[in-house]
Amino acid sequence: MRTDVIGRDAVDGLAALLGVPPASPDLLPPMWHLTQLLEVVPQALIGPDGHPLVGLPTPPAAGARRMFAGGRVWHRRPLLVGREATRTSRILASREVEGRSGHLRFVTVRHEYVQDGELAVRDDHEIVYRPERPAGTPLIACTGGPEEPGAPGPGTVLRVDPVVLFRFSALTCNAHRIHYDRDHARGEGFDHLVVHGPLQAVLMAEDLRRRGCALLGRVFSYRLLAPAVGPQTIRARRPGDGTREEVEVTTGAGGVSASGSLSEPDRSDPAGLQPA
């Protein structure tokens, strides 16, 4: 549990990174809570991959790789900037499966943000623990390059490079080295730095917001489908055959790295939403 003020500095920092102003100076835009009420771990408790050795989710076992797989967020009411709020986190579920790359463990971590005694945001993160990368496995190659500035195309565009990834890591207190240390990223199987999953989630939410799709009172579900690797221009947009309330992220090479959609909360839960 962590209680603190919803900070203006992080709001300004994310707005500057995305190149967009918040819709309101006093209301935190949907998904921007990812920069707030963060757990700050002492340096002595940071592991060799940059992940904390304590806290939630559970630190990976020796040799295992931890990756962000997606989430499900209910924006019940806006968080007010400059006002105190509390984030409570707990493990909601854990399951193990056999995948093509070996034994996988999926852990769902629920974060609830309460302000003025009312639930504002419920955010379920899906984390996957993958086995150690076998020696000799080919690296996942870069997934595209930057577009020329002002290049035409639909959706919300973000040109990512090492500086953008470093700034987002700082805003979200994420020290995982695949986002800023290319040598370490290669050791985890990527030919270049990896674009954060939460950054893609924020970009998808921004695209929905710009289209006039209301996220407040709705559930935003998203999945990370494939890594976005290397400096490139990513684009959040409506899928070609999708509805107005669906969104995807395409990489510089045109592949789809993430997808998301809006839905109604399940009112059978006393709090308004069934567990994920």
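Residues numbered from 1 in each chain as written. Predicted model: local features only at pLDDT ≥ 70, side-chain atom pairs only at ≥ 80, totals over all residues. Heavy atoms only, no water.

Overview of the pairing of strand β8 (residues 232–237)
Applicable threshold: For the exposure calls, accessible area comes from a 1.4 Å probe over protein chains only, and a residue counts as buried if that area is under 20% of its type's maximum, exposed if over 50%, partly exposed in between. Strands are runs of DSSP state E lasting at least two residues, helices are runs of H or I lasting at least four, and both sets are numbered from the N terminus onward. The pairing criterion for strands is at least two bridges between them, as found by DSSP.
Of all six residues that make up β8, five are buried, and the element is covered over most of its length. Relative to β8, strand β6 (residues 156–160) runs antiparallel, the two being bridged by five bridges. Residue pairing across strands places Val 157 opposite Arg 235, the latter belonging to β8. Pairing of β8 with strand β9 (residues 246–250) involves three bridges; the strand directions are antiparallel. If you follow Ala 236 over to β9, its bridge partner there is Val 249.

So, the nonpolar core
Defined as follows: What we call a nonpolar core is a set of buried Ala, Val, Leu, Ile, Met, Phe, Trp, Tyr and Cys residues that are connected through their side-chain atoms within 4.5 Å. A contact between two residues is defined here by any heavy atoms of the two lying within 4.5 Å.
In this structure, Met 31, Trp 32, Leu 199 and Phe 220 are the most contacted members of the largest nonpolar core, which totals 50 residues. Counting residues per element, this core draws most heavily on helix α4 (residues 197–210), at seven residues. Among residues more than four places away in sequence, those in contact with Met 31 are Val 73, His 75, Ala 201, Val 202, Ala 205, Phe 220 and Tyr 222. Within the second largest apolar cluster, ten residues are counted, among which are Met 67, Phe 190, Val 194 and Val 229.

Side note on the confidence of the model for the chain
The cut-off we apply is this: One confidence number per residue, pLDDT, is output by the predictor and ranges from 0 to 100.
Averaged over all residues, the pLDDT of the chain is 91; the fraction at 70 or higher stands at 93%. Counted against residues more than four places away or in other chains, residues 272–276, with its pLDDT under 50, gives 22 contacts.

Section: the packing of helix α1 (residues 8–18) against helix α2 (residues 162–171)
Put simply, the test is: Fitted lines through C-alpha atoms serve as axes, helices being fitted only where they are in contact, and the angles separating the N-to-C directions of these axes extend from 0 to 180 degrees. By the definition adopted for this analysis, an angle is roughly parallel if under 35 degrees, roughly antiparallel if over 145, roughly perpendicular if from 65 to 115, and oblique otherwise. Handedness of each helix crossing follows the sense of rotation of the near helix against the far helix: counterclockwise by less than a right angle gives left-handed, clockwise gives right-handed. Three classes are used: nonpolar for Ala, Val, Leu, Ile, Met, Phe, Trp, Tyr, Cys and Pro, charged for Asp, Glu, Lys and Arg, and polar for all others, with Gly counted as polar.
Where α1 meets α2, the axes come as close as 10 Å, and the angle between the chain directions of the two elements is 160°. Comparing their axes, α2 and α1 come out roughly antiparallel. Like other packed secondary-structure pairs, α1 and α2 cross with a definite hand, here left-handed. Along its contact with α1, which presents Ala 10, Gly 13, Leu 14, Ala 16 and Leu 17, the element α2 presents Val 164, Arg 167, Phe 168 and Leu 171. Residue classes in the contact of α1 with α2 are distributed as seven nonpolar, one polar and one charged.

Regarding α4
Think of an α-helix as 3.6 residues a turn; residues three or four steps apart then line up on the same face. As a reminder, the rule being used: Between the first and last residue of a helix there are one fewer steps than residues, each counted as 1.5 Å, and that sum is the expected span.
Under the 1.5 Å per step criterion, the end-to-end length of α4 is 20 Å for 14 residues, consistent within 8% with the ideal 20 Å. The buried count for α4 comes to twelve of 14 residues, which makes it a mostly enclosed element. Burial in α4 covers these residues: Gly 197, Pro 198, Leu 199, Gln 200, Ala 201, Val 202, Leu 203, Met 204, Ala 205, Glu 206, Asp 207 and Leu 208. Trailing α4 by a residue or two, Gly 212 shows a phi angle of about 90°, which is positive.

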